Amino acid sequence: SNELIPLKKWPCYFFKSDTTGEKDFEEFYTCSETLDMGRFENIGIIKNDAIFDEEKLNFFSRGISNLRNNMSWEKKDIIQLILDIVPNFNHMETGRYLDEKM
C-alpha cells in the first residue's frame, strides 16, 4: 500500500460486517422529518426542531461525568447509559472489532 499513496490511490477492503456495534440498518431521517437537499451539494440537512427529553439528557451527562470522575468504566456501563435515554438503541455485541480486520 505504500506504493499506492504517492499515486493518490488507496486500497479498499470490502467485507461482510460482523463487528461489534454494527446496526442492522442505517436510518438517517424519517418521513415525518423535513429534509433540505439544496443547502449543500453532497449532504442533506434535517430541518426539524430538536426534540429531546432534557431530564434524560441531564441523566446521561451526569452518568458520563460520574464514570469519568471515578476513572473506572466498562463498555457495558456506557451502553447502559445510552439505553436509558435511547430505549430502541440496538447494540449488537459480536466480540469482533474493526481493528481485527485491518
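Residues numbered from 1 in each chain as written. Predicted model: local features only at pLDDT ≥ 70, side-chain atom pairs only at ≥ 80, totals over all residues. Heavy atoms only, no water.

With respect to the overall build of the protein
In terms of regular secondary structure, the protein is built from 2 helices and 2 strands. Along its sequence from the N terminus, the protein presents helices and strands in the succession β-β-α-α. Evaluated residue by residue, the protein yields a buried proportion of 8% over its 102 residues. Long-range contacts, defined as pairs at least 24 residues apart, comprise 45% of the intrachain contacts of the protein with a sequence gap of at least 6. (Helix = DSSP H or I, 4+ residues; strand = E, 2+ residues; numbered from the N terminus. Buried < 20%, exposed > 50% of the residue type's maximum accessible area, 1.4 Å probe, protein only. Contact = heavy atoms within 4.5 Å.)

Quick word on the confidence of the model for the protein
Per-residue confidence for the protein gives a mean pLDDT of 82, with 89% of residues at or over 70. When the elements of the protein are averaged for pLDDT, strand β2 (residues 45-46) gives the smallest value, 84, and helix α1 (residues 54-70) the largest, 94. (pLDDT = per-residue confidence, 0-100.)

A look at the packing of α1 against helix α2 (residues 75-85)
Across the interface, α1 lies against α2 with an axial gap of 9 Å and an inter-helix angle of 170°. With respect to each other, α1 and α2 are oriented roughly antiparallel. Residues Lys56, Phe59, Phe60, Gly63, Ile64 and Leu67 of α1 pack against Asp77, Ile78, Leu81, Ile82, Asp84 and Ile85 of α2. In terms of residue class, the contact of α1 with α2 is built from 8 nonpolar, 1 polar and 3 charged. (Axes fitted to C-alpha atoms, helices over the stretch in contact; angles between N-to-C directions. Parallel < 35°, antiparallel > 145°, perpendicular 65-115°, else oblique. Nonpolar A, V, L, I, M, F, W, Y, C, P; charged D, E, K, R; others polar.)

What about unusual backbone geometry?
With phi around 60°, lysine 8 is a residue other than glycine that occupies positive phi space. Secondary-structure assignment places lysine 8 in the segment before β1 (35-36). Backbone geometry places methionine 71, a non-glycine residue, at a positive phi of 50°. Looking at the secondary structure, you find methionine 71 in the loop between α1 and α2.

Remarks on the pattern of salt bridges
When their charged atoms lie close together, side chains carrying opposite charge are able to pair. For the structure shown, the criterion picks out 2 salt bridges. Between arginine 62 and glutamate 55 there is a salt bridge whose closest N-O contact spans 3.4 Å. When the shortest N-O distance is used, the salt bridge between lysine 76 and aspartate 77 registers 3.5 Å. (Salt bridge = Lys/Arg side-chain N within 4 Å of Asp/Glu carboxyl O.)

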